[in-house]
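# Structural features, examined
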Amino acid sequence: MHKIEIDAEIDLLSENRRLAAENRKFLREHGIVAVNIMGAIGSGKTLLIEKTVEALKGIRIGVILGDVICRADYERVAAHEVKAEPVNTGKECHLDAHLINHRIQKFEDVDLLLIENVGNLICPVDFDLGEDFRVVMVSVTEGDDVVEKHPEIFRLADVIIINKVALAEFVEADVDKMERDAKNLNPEARIIRMDLKKDIGFDEWIEFLRGVLNVSGNSS
Amino acid sequence: MHEMSYAEAILENLINLAERNNAREIKKAHLVIGELLLINPEQLEFCFRAISRETIAENCTLEIEFVKPEIRCVKCGKEFEAPAGVCECGGFVSVNGGKEMILKSVIMEVD
Ligand SMILES: [Zn+2]
């Protein structure tokens, strides 16, 4: 027996990148716009998806719902008569390109694929799913320092939603500061102030989706 | 905890490499990890220990080398320690690297 040293030079993230590229190719070929929605548990992701599905009736929508173990979010969304698939990650706090790769074939006839990532602001950051747009949703109830505490996810987002703004004064959160932090980290991102319970900012979100889907506002 | 995904990728690649080289045991793996991946080395080690049990990587030591991203203002070139967004000069602070995970080299026992 003897010892040998091997220069491996293996990029351990290349497998996820390869699968993400495969997903991206599939989405392109079928004309599907995919949106990866990230955010903490309780930030409002599932309600956003439910309302989006209702507001965009007439557009073929698919939803993939990531969850560590349960199916509650899936059941909520599926009740809106939309094509939905739950993905249980088991021990993981994020979706990866491989998990999406297994489900994506089922959605070849949709125009818009909404992917609800697992509720977490750290783990999903580095796993490209092959999506077209990355959305991060935070709520003012998470504290107005939530943006500065998680720079990476905000730095890499296309859309940043600050939700529950109507509650800001009650939880003493400074929404201007949150927006400033977000803009500082990511001057290119579209920032939407929202409150889904009070119908604030939701129209702007739908307008964004219609824009990326290239459809007019009258089809609903 | 995203460390488990990375531990699985490390183990899978180590075992493939060992098989290709007809190795009996994997002794040490040298990893280069970007700081922005926010990997906790203790957790990575813990996950790796758990999943490598009863494999030829069971006694493999993980040697982790962290590398910093290059964070600098695109306008004035000032360097920053963390992604800062906008520099005091008004320029955008760009981030390069810091997201890699490379299995650099492996030491193993062969017959
Ligand atoms: Zn500068």
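Residues numbered from 1 in each chain as written. Chains lettered and ligands numbered in written order. Predicted model: local features only at pLDDT ≥ 70, side-chain atom pairs only at ≥ 80, totals over all residues. Heavy atoms only, no water.

### Regarding the overall build of chain A
Along chain A, the regular secondary structure elements total 8 helices and 8 strands. Relative to the globule expectation of 17 Å for 220 residues, the C-alpha radius of gyration of chain A, 18 Å, shows essentially globular dimensions. By principal-axis analysis of the C-alpha atoms, chain A measures approximately 70 × 40 × 35 Å. Pairs at least 24 residues apart make up 71% of the contacts formed inside chain A by residues separated by at least 6 positions. Taken as a whole, chain A presents about 9900 Å² of accessible surface, with 48% of it coming from carbon and sulfur. Taking the average location of the 28 positive side-chain charges in chain A and that of its 42 negative ones, the two points are 2 Å from each other. (Helix = DSSP H or I, 4+ residues; strand = E, 2+ residues; numbered from the N terminus. Rg over C-alpha atoms; globule rule 2.2 N^0.38 Å. Contact = heavy atoms within 4.5 Å. Areas by Shrake-Rupley, 256 points an atom, 1.4 Å probe, with all protein chains shown as cover. Lys, Arg positive; Asp, Glu negative; His and termini not counted. Charge placed at Lys NZ, Arg CZ, Asp CG, Glu CD.)

### Here we look at the environment of Glu-188 of chain A
Residue and element names in this part refer to chain A. Counting through the fold element by element, Glu-188 comes out in the loop between helix H7 (175-185) and strand S8 (190-193). For Glu-188, a relative accessible area of 72% corresponds to the exposed category. C-alpha of Glu-188 to C-alpha of Ala-157: the two residues are 31 residues apart in sequence and 8.9 Å apart in space. (Buried < 20%, exposed > 50% of the residue type's maximum accessible area, 1.4 Å probe, protein only.)

### A few points about the nonpolar core
Ile-10, Leu-14, Phe-48, Met-101 and Leu-103 of chain B are the most contacted members of the largest nonpolar core, which totals 33 residues. If you list the elements that add at least two residues to this core, you get strand S1 (2-11) of chain A together with helix H1 (3-20), strand S1 (23-34), helix H2 (41-52) and strand S5 (101-110) of chain B. The element contributing the most residues to this core is H1 of chain B, with 9 residues. When near neighbours in sequence (up to four residues on either side) are disregarded, Leu-103 of chain B contacts Ala-8, Glu-9, Ile-10 and Leu-12 of chain A together with Asn-13, Leu-14, Ala-29, His-30 and Leu-31 of chain B. (Core = buried A, V, L, I, M, F, W, Y, C linked by side-chain atoms within 4.5 Å.)

### Observations concerning the coordination of the zinc ion
Residues and elements named next belong to chain B. The protein atoms donating to the zinc ion are Cys-73 (SG), Cys-76 (SG), Cys-87 (SG) and Cys-89 (SG), with metal-donor distances spanning 2.3 to 2.4 Å. Coordination at the zinc ion is tetrahedral, judged from the 4 donor atoms that bind it and the angles of 102 to 119° they form at the metal. Accessibility expressed as a relative area gives 46% for Cys-76, which makes it partly exposed. (Donors = N, O, S within 2.8 Å, 3.2 Å for Na, K, Ca; no water. Tetrahedral: all angles 85-135°; square planar, octahedral: opposite > 155°, others 65-115°.)

### Remarks on the UniProt feature "binding site: Ni(2+)" (unreviewed entry) in chain B
The positions that UniProt labels "binding site: Ni(2+)" (unreviewed entry) are, in the present scheme, His-2 of chain B. Setting aside residues up to four positions removed in sequence, His-2 of chain B forms contacts with Glu-92, His-94, Ile-122, Cys-123 and Phe-127 of chain A together with Leu-37, Leu-38 and Ile-39 of chain B. (UniProt positions renumbered as here; feature names shortened; annotations may be inferred.)

### Some thoughts on a nonpolar patch on the surface
Residues and elements named next belong to chain A. On the surface, Leu-167, Phe-170 and Val-171 cluster together into a nonpolar patch covering about 290 Å² of accessible area. Relative to the elements of secondary structure, Val-171 occurs in the loop between strand S7 (159-163) and H7. The class for Val-171 is partly exposed, based on a relative accessible area of 40%. (Patch = residues over 30% accessible without salt bridge, like charges linked within 9 Å, V, L, I, M, F, W, Y side chains within 5 Å. Salt bridge = Lys/Arg side-chain N within 4 Å of Asp/Glu carboxyl O.)

### Observations concerning the UniProt feature "domain: CobW/HypB/UreG nucleotide-binding" (unreviewed entry) in chain A
Sequence positions flagged by UniProt for "domain: CobW/HypB/UreG nucleotide-binding" (unreviewed entry) are, in local numbering, residues 35-192 of chain A. Within residues 35-192 of chain A, the helical portion is 27% and the strand portion 24%, while the C-alpha atoms at the span's ends are 16 Å from each other.

### A word on the pattern of salt bridges
All names here are of chain A. Enumeration over the complete set of coordinates arrives at 34 salt bridges over all chains. When the shortest N-O distance is used, the salt bridge between Asp-128 and Arg-24 registers 3.0 Å. Taken as a pair, Asp-128 in the loop between strand S5 (112-116) and strand S6 (133-139) and Arg-24 in helix H1 (residues 14-29) lie far apart in primary sequence, 104 residues in all. Judged by its relative accessible area of 23%, Asp-128 falls in the partly exposed class. Judged by relative accessible area, which is 25%, Arg-24 ranks as partly exposed. Across the pair Arg-193 and Asp-176 runs a salt bridge whose closest N-O atoms are separated by 2.6 Å. Here Asp-176 lies in helix H7 and Arg-193 lies in strand S8, a separation of 17 residues in the sequence. We classify Arg-193 as partly exposed; its relative accessible area is 32%.

### Here we look at the pairing of strand S3 (residues 70-73) of chain B
All names here are of chain B. Of the two faces of S3, the one lined by Ile-71 and Cys-73 is fully buried and the one lined by Glu-70 and Arg-72 carries no buried residue. Here 4 bridges tie S3 to strand S4 (residues 93-96), and the two strands are oriented antiparallel to one another. Residue Ile-71 lies in a different strand from S4, and its bridge partner there is Val-95. (Pairing = 2+ DSSP bridges.)

### Some thoughts on the sheet that holds S8 of chain A
All names here are of chain A. Pairing within the open sheet is parallel, and its 7 strands lie in the order S4-S3-S5-S2-S6-S7-S8. Looking at the sheet topology across the chains shown, the edges are occupied by strand S4 (83-88) and S8. With strand direction ignored, the average angle separating the axes of adjacent strands in the sheet is 20°. Here strand S3 (residues 61-67) runs beside S5; their pairing, made up of 5 bridges, is parallel. Looking at the pairing, Ile-64 lines up with Ile-115 of S5. (Axes fitted to C-alpha atoms, helices over the stretch in contact; angles between N-to-C directions.)

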